Amino acid sequence: MSEFFQKKLSLPPFPSGYHLITDLVEEGIPEIRQIQTGFLQVFIQHTSAALTINENADPTVRKDFQTFVNELIPENYPRFIHTYEGPDDMPAHIKASFFDSSLQIPISGGKLALGIWQGIYLCEFRRYASPRSLILTAFGTVNK
């Protein structure tokens, strides 16, 4: 029998950077433990932050992400017009588009089937971000 579960997860404000949120996501939708085979979709309801999956062990990976992306899309780019909320406004929107607004992760045996070194990142591109909202949708075969 297949079932769908959906929850909204409110994340606290994070500073600009790349933050591992795997544990928060798993705690936010404990129903994944009921799913034998399925998927979890994680969707962020914002345009100046994003999601990605990458290295979950060495924090220098997250620092290197931030360094590289900030050099690729600098705040001081002279042609930005959309700067109503500060110099990080338009760069945050572009950075979010380089990553993604949703992830799909397999569920196997009641657990996320991430690789041993993989984790879910919140990519926060604003210096003074507000809380972020995620929609978590788990679906798949449930043993009854």
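Residues numbered from 1 in each chain as written. Predicted model: local features only at pLDDT ≥ 70, side-chain atom pairs only at ≥ 80, totals over all residues. Heavy atoms only, no water.

A.B. asks: Whenever I open this one, the overall build of the protein chain confuses me. Can you help?
C.D. replies: If you tally the helices and strands in the protein chain, you get 3 helices and 8 strands. Each helix and strand of the protein chain, ordered N terminal to C terminal, gives the series β-β-α-β-β-α-α-β-β-β-β. The principal-axis extent of the C-alpha atoms belonging to the protein chain is close to 60 × 30 × 20 Å. Contacts spanning at least 24 positions in sequence make up 83% of the contacts within the protein chain whose residues lie at least 6 apart. In the form shown here, the protein chain has an accessible surface area of approximately 8000 Å², with 54% of it arising from carbon and sulfur atoms. (Helix = DSSP H or I, 4+ residues; strand = E, 2+ residues; numbered from the N terminus. Contact = heavy atoms within 4.5 Å. Areas by Shrake-Rupley, 256 points an atom, 1.4 Å probe, with all protein chains shown as cover.)

A.B. asks: Even after reading the chapter, I still don't get the packing of aromatic side chains, so can you show me in this structure?
C.D. replies: Any pair of aromatic rings gets described here by the distance separating the centres and the angle formed by the planes. A full pass over the atoms with the stated rule returns 9 aromatic pairs. Seen in terms of ring centroids, Tyr18 and Phe65 are 5.2 Å apart; in terms of plane orientation they differ by 25°. Their pairing is stacked. In this pair, Tyr18 is assigned in strand β2 (residues 17–20) and Phe65 in helix α2 (residues 59–72), connecting sequence segments 47 residues apart. Pair check on accessibility: Tyr18 and Phe65 agree, each one buried. Measuring from ring centre to ring centre gives 4.9 Å for Tyr77 and Phe80, while their planes differ by 55°; the resulting arrangement is tilted. On the accessibility criterion, Phe80 (19% relative accessible area) is buried. An aromatic cluster is built from Tyr18, Phe65, Phe99, Tyr121 and Phe125, whose rings are joined through pairwise contacts. (Phe/Tyr/Trp six-rings, centres within 6.5 Å; stacked < 30°, edge-to-face > 60°. Buried < 20%, exposed > 50% of the residue type's maximum accessible area, 1.4 Å probe, protein only.)

A.B. asks: Help me out: how do you make sense of the pattern of salt bridges in this one?
C.D. replies: For the coordinates displayed, the defined rule picks out 6 salt bridges. The partner of Arg126 in a salt bridge is Asp89, with the nearest N and O atoms 3.6 Å apart. Remark: Asp89 occurs in helix α3 (residues 89–98) and Arg126 occurs in the loop between β7 (118–124) and β8 (132–142); sequence separation between them is 37 residues. The class of Asp89 is buried, set by a relative accessible area of 0%. For Glu124, the salt bridge is made with Arg132, and the minimal N-O distance between the two is 2.8 Å. By sharing partners, the salt bridges in this structure join Glu85, Asp88, Asp89 and Arg126 into a single network. (Salt bridge = Lys/Arg side-chain N within 4 Å of Asp/Glu carboxyl O.)

A.B. asks: Please explain the sheet that holds strand β6 (residues 111–112) as it appears in this structure.
C.D. replies: For sheets, the rule is that strands pair by backbone hydrogen bonds, running either parallel or antiparallel. Spatial strand order, β1-β8-β3-β5-β6: 5 strands in an open sheet with antiparallel pairing. Each edge of the open sheet carries a strand with a single partner, namely β1 (2–11) and β6. (Pairing = 2+ DSSP bridges.)

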